Amino acid sequence: MRPVAAASDPTRHFFQPIIVCLAVASVALTLFVIWISLHDLSLMRAGREKFVGLDNYIRFLGDPRAMAALWRTVLFTVLATVIEIALGLAVVLFLDRDFAMKRLVRTLLLVPIIMTPVVVGLTWRFLFDPATGMANYLLSLVGIAQVDWLGSPRIALFSVLVADIWQWTPFVILLVMAALESAPTDPLNAARVDGAREWQVTWYVLLPMLRRALAIVALIRAIDSIKAFDLFYIMTRGGPALSTETLNYYGYIVAFTNFDISYALAIAIILTVFTNVALLTMYSVLFPKTGDR
């Protein structure tokens, strides 16, 4: 039987117009945002906007607060992605074994995924409360002094990181577990029959089989971490002393506190370009064109 040609597929009349409309809307909005970023538009000076060219982008390069926010964004993204992938993979390998109440444990591990970031932020804000929080209470049981989790500039960013890891590691677990259950078992059994130890089976056989799934999960988590906003807004509001102010949050402050719309849009464009370049680089490393995949 000859395959049906793509041109005779009747579903094209449904999805092609949608794709065209979304593409046109995306391009039009992007061009409009770029055009506004080339102006000096502030809500505090309505009606007095003017064309300034690349001044907003040059201003960004000379803005120490923006550079610091960009560094925190990179640090938070790298730590969140690496820790969540490593921790999620470890949990999946543990859950792959048979033990009592396995289904209950798997269900409970996925609970944080269904919670909204606002609820997660409030929950961890209460847990990290220096006076009444559960975190300091547990430390007091082992004789450790109280820690100002969200009030110390040296610790606050990592406290938000803990909340992010708690919420999104189950997402990694879910996707990696699905990839593991769909993977063939013959190579694993063959390696065990040949006398390979369990760690050798995991390192040389199982992990290469899960490589593509882990790479896709890493890309998704990197994107989400770069544009993280909810946890920072609920838990720290960018403080203390701007120690948790990421570039995404700084753009929010510039737009809705300083009302400098053009500069805020320039920050958004720079963050978008930076994200795309970083993800393309990450994709080229995780999915090389040559060699085995």
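The shown structure was predicted, so the numbers you read here are calculated from the model rather than taken from an experiment.

Colleague: Sorry, what's going on with the overall build of the protein chain here?
Modeller: From N to C terminus, the protein chain includes 13 helices and 2 strands. Taking 2.2 N^0.38 as the reference for a compact globule, 293 residues should give roughly 19 Å; the C-alpha atoms of the protein chain span a radius of gyration of 24 Å, well beyond that estimate. Dimensions of the protein chain, computed from the C-alpha atoms along their principal axes, are close to 75 × 75 × 35 Å. Within the protein chain, buried positions represent 37% of all 293 residues. Considering only residue pairs separated by 6 or more positions, the protein chain has 69% of its internal contacts joining residues 24 or more positions apart. Counting only carbon and sulfur atoms, one obtains 70% of the accessible surface of the protein chain, whose full area is about 17,800 Å². On the protein chain, the mean spot of the 23 positive side-chain charges and the mean spot of the 20 negative ones are 2 Å from each other.

Colleague: What am I meant to see in the side chain of Ser225 here?
Modeller: Its place among the elements puts Ser225 in helix H10 (residues 211-226). Setting aside chain neighbours within four positions, we find Ser225 in contact with Phe76, Thr77, Ala80, Thr81 and Asp164.

Colleague: Can you help me understand helix H5 (residues 117-127) in this one?
Modeller: Structural remark: α-helix, 3.6 residues per turn; residues separated by three or four positions point the same way. Among the residues making up H5, those that are buried are Val120, Gly121 and Trp124. One side of H5 carries all its buried residues, which in axial view fall inside an arc of 100°. Looking at the packing, one finds that the buried side of H5 touches helix H7 (156-182) and helix H11 (230-235).

Colleague: Explain the UniProt feature "transmembrane region" (unreviewed entry) in the protein chain to me, please; I cannot follow it from the model alone.
Modeller: Here, UniProt's "transmembrane region" (unreviewed entry) annotation points to residues 18-38, 69-95, 107-127, 155-180, 201-223 and 261-286. From the first C-alpha to the last, residues 18-38 spans 31 Å; its make-up is 95% helix and 0% strand. Its end C-alpha atoms 38 Å apart, residues 69-95 is made of 100% helix and 0% strand.

Colleague: Before we go on, may I ask you to explain unusual backbone geometry in this structure?
Modeller: Across the chain, the bulk of peptide bonds are trans and the bulk of non-glycine residues have phi less than zero. Backbone torsion omega between Gly239 and Pro240 reads -5°, so that peptide bond is classified as cis. The backbone of Ala241 sits at a positive phi, close to 55°, despite the residue not being glycine. Mapping Ala241 onto the fold places it in the loop between H11 and helix H12 (247-256). We note that Leu242 has phi near 65°; this positive angle belongs to a residue other than glycine. Note on placement: Leu242 falls in the loop between H11 and H12.

Definitions and limits used
Residues numbered from 1 in each chain as written. Predicted model: local features only at pLDDT ≥ 70, side-chain atom pairs only at ≥ 80, totals over all residues. Heavy atoms only, no water. Helix = DSSP H or I, 4+ residues; strand = E, 2+ residues; numbered from the N terminus. Rg over C-alpha atoms; globule rule 2.2 N^0.38 Å. Buried < 20%, exposed > 50% of the residue type's maximum accessible area, 1.4 Å probe, protein only. Contact = heavy atoms within 4.5 Å. Areas by Shrake-Rupley, 256 points an atom, 1.4 Å probe, with all protein chains shown as cover. Lys, Arg positive; Asp, Glu negative; His and termini not counted. Charge placed at Lys NZ, Arg CZ, Asp CG, Glu CD. Arc of directions from axis to C-beta. UniProt positions renumbered as here; feature names shortened; annotations may be inferred.

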